[in-house]
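For reference, the chains in residue letters:
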Amino acid sequence: MSINTSTAGASTASNSSTTILLGRILLAVIFLLSGFGKLTAISGTAGYFGAMGLPVPTVTAIVVGLIELLGGIAILVGFQTRIAAWVLAIFTIATALVAHTGWADQNQMIHFLKNVAITGGFLVLASSGPGAYSIDAKRG
């Protein structure tokens, strides 16, 4: 009895690409919503950043909003995915270390751990690549 391994391999690759696409969508959603929210409420975001002691809060709000929105779009569509994943991994762990270190507050600990987990997802994506269902795969 012989097994057609080329069909099994293609099915596995397709399942993997589908799973990676789902992962990209789930990772992108939080950044798309957060970036859009920051960019459409610059004064509120800048006020919050200023209260945290971040420098030039309006500029910081714009830069952070753009990183989140553009990075989220890149991950979603699979464009320059490995680079975007590295940028967002560094950004997300930096955010955890800047904004969520009040670990005596359980809510802050949850946000810190959420950011650590998201960073892990981005590192896996940076390593695995975007899968077949991406602009990167179509570009070769």
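Residues numbered from 1 in each chain as written. Predicted model: local features only at pLDDT ≥ 70, side-chain atom pairs only at ≥ 80, totals over all residues. Heavy atoms only, no water.

(A) Main features of the packing of aromatic side chains. Throughout the structure, instances matching the rule amount to three aromatic pairs. A ring pair is formed by Y48 and F49, whose centres lie 6.1 Å apart and whose planes are at 45°; its orientation type is tilted. (Phe/Tyr/Trp six-rings, centres within 6.5 Å; stacked < 30°, edge-to-face > 60°.)

(B) Inspection of the side chain of H100 at higher detail. With respect to the helices and strands, the residue H100 is situated in the loop between α4 (81-99) and α5 (106-128). On the basis of relative accessibility, which here comes to 13%, the residue H100 falls in the buried class. For H100, the residues in contact, after removing those within four places along its chain, are T95, Q108, H111, F112 and N115. (Helix = DSSP H or I, 4+ residues; strand = E, 2+ residues; numbered from the N terminus. Buried < 20%, exposed > 50% of the residue type's maximum accessible area, 1.4 Å probe, protein only. Contact = heavy atoms within 4.5 Å.)

(C) Just the nonpolar core, in detail. L27, F31, I75, A85, L88, F122 and L125 are the most contacted members of the largest nonpolar core, which has 20 residues in total. Residue assignment for this core shows that the elements contributing at least two residues are α1 (5-39), α2 (42-51), α3 (57-77), α4 and α5. Setting aside chain neighbours within four positions, we find A85 in contact with I75, F122, L125 and A126. (Core = buried A, V, L, I, M, F, W, Y, C linked by side-chain atoms within 4.5 Å.)

(D) The arrangement of the environment of G35 in detail. Positionally, G35 belongs in helix α1. Its relative accessible area of 0% is what places G35 among the buried residues. As for G35 and L69, which are separated by 34 residues in sequence, their C-alpha atoms are 4.4 Å apart.

(E) Structural view of a nonpolar patch on the surface. A contiguous nonpolar patch, built from I25, V29, L33, I62, L66, L70, I73, L76, V77, F79 and I135 and spanning about 850 Å² of accessible area, is present on the exposed surface. For the nonpolar patch, the elements supplying multiple residues, two or more each, are α1 and α3. Looking at the nonpolar patch element by element, the count peaks at six residues for α3. In this structure, V77 sits in helix α3. (Patch = residues over 30% accessible without salt bridge, like charges linked within 9 Å, V, L, I, M, F, W, Y side chains within 5 Å. Areas by Shrake-Rupley, 256 points an atom, 1.4 Å probe, with all protein chains shown as cover. Salt bridge = Lys/Arg side-chain N within 4 Å of Asp/Glu carboxyl O.)

(F) Broad picture of the confidence of the model for the protein chain. On average, the protein chain scores 93 in pLDDT, and the residues at 70 or more come to 93%. Of all helices and strands in the protein chain, the one with the weakest mean pLDDT is α1 (87), whereas α3 scores best (98). (pLDDT = per-residue confidence, 0-100.)

(G) Spatial organisation of α3. The first and last C-alpha atoms of α3 sit 30 Å apart over 21 residues, in line with the 30 Å expected at 1.5 Å per residue. For α3, the full list of buried residues reads T60, A61, V64, G65, E68, G71, G72, A74 and I75. G78 occupies a position one or two residues after α3 and carries a positive phi of about 70°. (Expected span 1.5 Å × (residues − 1).)

(H) Looking closely at unusual backbone geometry. Of note in this structure, V56 is not a glycine but carries a positive phi near 30°. On the secondary structure map, V56 appears in the loop between α2 and α3. Even without being a glycine, Q80 presents a positive backbone phi close to 50°.

(I) Seen up close, α5. For α5, spanning 23 residues, the distance from its first C-alpha to its last is 33 Å, which sits close to the expected 33 Å at 1.5 Å a residue. Along α5, the positions that sit buried rather than exposed are Q108, F112, N115, I118, T119, F122, L125 and A126. Here α5 starts with a cap whose side-chain oxygen sits 2.9 Å from the backbone nitrogen of N107, and that cap is D105. Just past α5, the residue G129 takes up positive phi, approximately 90°. (Polar contact = N/O pair within 3.5 Å; in protein donor to acceptor, adjacent residues only side chain to side chain.)

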